[in-house]
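So the chains spell out like this:
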Amino acid sequence: MERVVVRSFCHNCKKDLIVYREAKGVSKSQCKYCGAVNVSKIMTRRKICIEVIAPFGAEVTL
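What counts and how
- Residues numbered from 1 in each chain as written.
- Predicted model: local features only at pLDDT ≥ 70, side-chain atom pairs only at ≥ 80, totals over all residues.
- Heavy atoms only, no water.
- Salt bridge = Lys/Arg side-chain N within 4 Å of Asp/Glu carboxyl O.
- Buried < 20%, exposed > 50% of the residue type's maximum accessible area, 1.4 Å probe, protein only.
- Phe/Tyr/Trp six-rings, centres within 6.5 Å; stacked < 30°, edge-to-face > 60°.
- Lys NZ or Arg CZ within 6 Å of the ring centre and 35° of its normal.
- Pairing = 2+ DSSP bridges.
- Helix = DSSP H or I, 4+ residues; strand = E, 2+ residues; numbered from the N terminus.

(A) Geometry of the pattern of salt bridges. Applying the stated rule across the entire model yields one salt bridge. Note that Arg7 and Asp16 form a salt bridge whose closest N and O atoms lie 3.7 Å from each other. The same class applies to Arg7 and to Asp16, which are both exposed.

Given below as structure tokens:
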């Protein structure tokens, strides 16, 4: 499996992140600033599924 380095951002605190995207288009990262876990998956060329998991005891800010 080939991993590619991708520049992204935390969808909770909006800080820049560097993540690895796997061959199937899935990238998982944990923000070192707020602790939120960001999971994204490329579904089609126009659709990306993003899941943001807040750390225990916190809320996701949108």
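Okay, back to it.
(B) Representation of the packing of aromatic side chains. Per the stated rule, a full pass over the model turns up zero aromatic pairs. Above the plane of the ring of Tyr20 lies Arg3, whose end atom (NZ or CZ) is 4.3 Å from the centre. Stacked on the ring of Tyr33, the Lys or Arg Lys15 has its end atom at 5.4 Å from the ring centre.

(C) Representation of the pairing of strand β5 (residues 47-53) in the model. Bridging between strand β4 (residues 37-44) and β5 involves seven bridges; their strand directions are antiparallel. Bridging across to β5, Val37 finds its partner in Ile53.

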